[in-house]
2 protein chains.
Amino acid sequence: MINFEFYNPARIIFGKDTELQAGAQIAKFGKRVLLHYGGGSVKANGVYDKVVKAIEEEGLFFMELGGVVPNPRLSLVREGIRLCRENNIDFVLAVGGGSVIDSAKAIAAGACYSGDIWDLYMDNSKLGELTKVLPVGVVLTIPAAGSESSTASVITNEEGWFKRAIGTEAIIPKFAILNPETSYTLPPYQTACGASDILAHLMERYFTQVSNVDFTDRLLEANIRTILNNAPLALKYPENYDIRAEIMWAGAVAHNNLLNTGRIGDWGSHDIEHEISGVYDIAHGAGLSIVFPAWMKYVYKQNVDKFIQFAQRVFNVDFSFDNKEQIVFEMIERLEAWYVRMGLPIRLSHANIGSDRLREMADKCTVGRTHVGNFQKLTADDVYEIYKLAL
Amino acid sequence: MINFEFYNPARIIFGKDTELQAGAQIAKFGKRVLLHYGGGSVKANGVYDKVVKAIEEEGLFFMELGGVVPNPRLSLVREGIRLCRENNIDFVLAVGGGSVIDSAKAIAAGACYSGDIWDLYMDNSKLGELTKVLPVGVVLTIPAAGSESSTASVITNEEGWFKRAIGTEAIIPKFAILNPETSYTLPPYQTACGASDILAHLMERYFTQVSNVDFTDRLLEANIRTILNNAPLALKYPENYDIRAEIMWAGAVAHNNLLNTGRIGDWGSHDIEHEISGVYDIAHGAGLSIVFPAWMKYVYKQNVDKFIQFAQRVFNVDFSFDNKEQIVFEMIERLEAWYVRMGLPIRLSHANIGSDRLREMADKCTVGRTHVGNFQKLTADDVYEIYKLAL
């Protein structure tokens, strides 16, 4: 285990009807609210109306900025920053999933930053310049990104289609309201993509080269099993509260950094995937179900015992030690079968992506980075090989 | 799963040499420090000197109050409150284990409370009157109570030997410094008592009548297995960093309320034990290893399936369902065997406690409470039966 610091002051308000508390929670921090959301789904499922009512009942001023799309765009972030500055906004409320929250965080940071917010995404070493951020609150409707209580924000710049992240305590939301009922109306594919994203957050943390991380290994396995068991049930019983609740809470804990304590996560698959969804604009979760099996096949030899522990504890792969590789590949097949059961692609071809831009994506993936991933430090050539394994 | 709110803003600073950061962390919150500790162990193992140096290097004023004993006393709390008021103390630093931290929390609350702090312990409904608390910091030396990032403080009033608790967000420490090396010098019995306390915190949360708590069940099982595996190793290899680290981090997470989310813990065994250690002044962890098996034998019929899940997932008890009771009692025997291996008592007689005051303790346990525990709501007569089972 390595030294670590863990700090997560996000207040989680979880359960039925909790969105009605949005106004009272905001009032602790601000009076002039930017209400940020995506397309029409929050209006269709009634969440928007409940939140607006809660804000109005608290007597707060608010203005709206909708239109966040998956892989949220820098241009809308810039518009949000302008709105905040022109209207003395002092609180940003995100109502939606990870894209909306990431966009809200970028706006909250950019509104207080004198330079160009994109500079911080391209060069994380400048994050120290961010001395103030507007407080952000969340009403979550999609369990997936874990952004509701995380330090992270991922934004896509349409000029060049760069997808880049920042991570800092300053953008952890002040509160996150999680009502599992708001996820009842998610289409099956989006439920699946969300589960894939959560699973990826857990596997990125799991596959570490840091040894003696028994406790967090076990916590991660517990969370992974929760997702593996409950996500297929959510497809079958979309309006079952308990199933949706397990996924929503597990998804938040997966990414609040507790499960990263004392270890160094990999995050290579995320970076490799970001190039795919950046270029082809496919769902992040669908990109991850394509990348992760290929990544595993490419890197497992760096620490085969870690993969065997995962195979046995998470996927119940029976084993003797006569052939370690068989155990690893049996696990990968079970993982792939789970993705397929969830209706997700496990090859680039399933998402109608060919081989023509793989080299370009591999090269771009390493721009501004010395390497990709930590379990094995990957070069552009390595990333290219992983893309080919995923064809 | 039931609705819940989770908020824990304690900053955990974990690892080797982290006590050297104490001064810089305190300086974020205050300038005049009460340094609170127990007996001579923090001086003997060098932690005291390092912390004092860190405080002095930061140029902070400090004064000392040592002498906290296990089952920390109200009289010393009152002395601490007086010192804080007379010297304009604005920060309380606890250096030690749970008793020192609980005492520090009581002092920090009492220093800002116009009434008698003990009233809040005897009547938790008055906690709303506590509008301000001095900030508390922790340098932990004993993984056990989990007080380093919890909302709880347990104090014993020598007048009548009442042991009572408060629980409020306001007393969560601002930071907790956890260096596993500080636990190297713990005597085996204290290591064992600490592990027993941590295990009890987890089992109190595990045995709930709330259904559909899959995720937190699994997190609890992960934490319990970590303690069951590592604590006996700590007795064998007391200066192994990794083993001590697993226990110290698992012990903090066990009690930071994450593992309580969406469920209602039992806490009967804690209340039943508090009477024993209150009257006989034995170590809390040793009282718990006596009480828990007896409590299990008395209440398991209220939800035998929960006990079977525990038996299978935590203690690997093999099972058919022909005789559910056999599975439960096999688990209890394995738990008892673990306590014995740790050198802990599992019967009152092992701690030289006879039957003469059981009725008195059972009656006292219910003073100011409508019932004891939640898995089965126990009356004074039930508690008496549990004491008898523990003889």
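Residues numbered from 1 in each chain as written. Chains lettered and ligands numbered in written order. Predicted model: local features only at pLDDT ≥ 70, side-chain atom pairs only at ≥ 80, totals over all residues. Heavy atoms only, no water.

(A) Spatial organisation of helix α15 (residues 380-389) of chain A. Residues and elements named next belong to chain A. Of all the residues in α15, the buried ones are A380, D382, V383, I386 and Y387. Projected down its long axis, α15 carries its buried residues within an arc of 155°, all on one side. Along its buried surface, α15 packs onto α10 (268-280), α11 (284-299) and α14 (358-365). (Buried < 20%, exposed > 50% of the residue type's maximum accessible area, 1.4 Å probe, protein only. Helix = DSSP H or I, 4+ residues; strand = E, 2+ residues; numbered from the N terminus. Arc of directions from axis to C-beta. Contact = heavy atoms within 4.5 Å.)

(B) Highlighting the relation of the copies chain A and chain B. When chain A is fitted to chain B, the residual RMSD is 0.0 Å, and the transformation amounts to a turn of 180° plus an axial shift of 0.0 Å. Given the turn and translation reported, the copies of this chain are related as if by a two-fold rotation axis. Among all residues of chain A, the one whose C-alpha sits closest to the rotation axis is P9(A), at a distance of 2.1 Å. (Least-squares fit on C-alpha atoms with pLDDT ≥ 70 in both.)

(C) View of the UniProt feature "domain: Fe-containing alcohol dehydrogenase-like C-terminal" (unreviewed entry) in chain A. Mapped onto this numbering, the UniProt entry gives "domain: Fe-containing alcohol dehydrogenase-like C-terminal" (unreviewed entry) at residues 192-390 of chain A. Between the C-alpha atoms that bound residues 192-390 of chain A there is a distance of 19 Å. The span itself is 64% helix and 0% strand. (UniProt positions renumbered as here; feature names shortened; annotations may be inferred.)

(D) Region of interest: the domain arrangement of chain A. Residue and element names in this part refer to chain A. For chain A, the domain assignment lists domain 1 (11-182) and domain 2 (186-389). Spacing between the C-alpha centres of domain 1 and domain 2 amounts to 26 Å. At the junction of the two partners, domain 1 supplies 29 residues and domain 2 supplies 28 residues. Roughly 2300 Å² of surface becomes buried between domain 1 and domain 2 when both sides are summed, with 61% attributable to carbon and sulfur atoms. Interface area lost by domain 1 to domain 2 is led by P143, K163 and P180, which between them contribute 24%. (Domains from an automatic or database assignment. Buried area = accessible area lost by both parts, 1.4 Å probe.)

(E) Structural context of the nonpolar core. Counting 238 residues, the largest nonpolar core has W249(A), W295(A), M296(A), W249(B), W295(B) and M296(B) as the members making the most contacts within it. The greatest single-element share of this core, amounting to ten residues, is contributed by helix α9 (residues 241-254) of chain B. For M296(A), the residues in contact, after removing those within four places along its chain, are M203(A), F207(A), F307(A), F310(A), M331(A), I332(A) and L335(A). (Core = buried A, V, L, I, M, F, W, Y, C linked by side-chain atoms within 4.5 Å.)

(F) Geometry of the sheet that holds strand β8 (residues 175-178) of chain B. If you trace the twelve strands from one edge of the open sheet to the other, you get β3(A)-β2(A)-β4(A)-β5(A)-β8(A)-β1(A)-β1(B)-β8(B)-β5(B)-β4(B)-β2(B)-β3(B), paired in mixed fashion. Edge positions in the sheet fall to β3 (61-65) of chain A together with β3 (61-65) of chain B, since each of these pairs with one other strand and no more. In this sheet, adjacent strand axes meet at a mean angle of 25° when their direction is disregarded. As paired strands, strand β5 (residues 136-140) of chain A and strand β8 (residues 175-178) of chain A are joined by four bridges and run parallel to one another. If you follow V139(A) over to β8(A), its bridge partner there is I177(A). In this fold helix α5 (residues 98-110) of chain A packs onto β2 (32-37), β3, β4 (91-96) and β5 of chain A, with an angle of close to 170° to the strand it touches most, β4(A). (Pairing = 2+ DSSP bridges. Axes fitted to C-alpha atoms, helices over the stretch in contact; angles between N-to-C directions.)

(G) Region of interest: the interface of chain A and chain B. Contacts between the two partners involve 40 residues from chain A and, on the opposite side, 40 residues from chain B. Between chain A and chain B, roughly 3600 Å² of surface is buried when both sides are summed, and carbon and sulfur atoms account for 54% of that area. Taken together, the connections running from chain A to chain B amount to four salt bridges. E5(B) is the salt-bridge partner of R11(A), the closest N and O atoms lying 2.7 Å from each other. One can count 21 residue pairs in polar contact (both at pLDDT 80 or more) joining chain A with chain B. Elements with a minimum of two residues in the side of chain A that touches chain B: β1 (4-14), α8 (214-236) and α9 (241-253) of chain A. Each residue belonging to the side of chain A that touches chain B can be placed in one class, and the counts come to 19 nonpolar, twelve polar and nine charged. Direction of pairing for β1(A) relative to strand β1 (residues 4-14) of chain B: antiparallel, over a ladder of seven bridges. When the bridges of β1(B) are listed, I13(A) appears paired with E5(B). (Salt bridge = Lys/Arg side-chain N within 4 Å of Asp/Glu carboxyl O. Polar contact = N/O pair within 3.5 Å; in protein donor to acceptor, adjacent residues only side chain to side chain. Nonpolar A, V, L, I, M, F, W, Y, C, P; charged D, E, K, R; others polar.)

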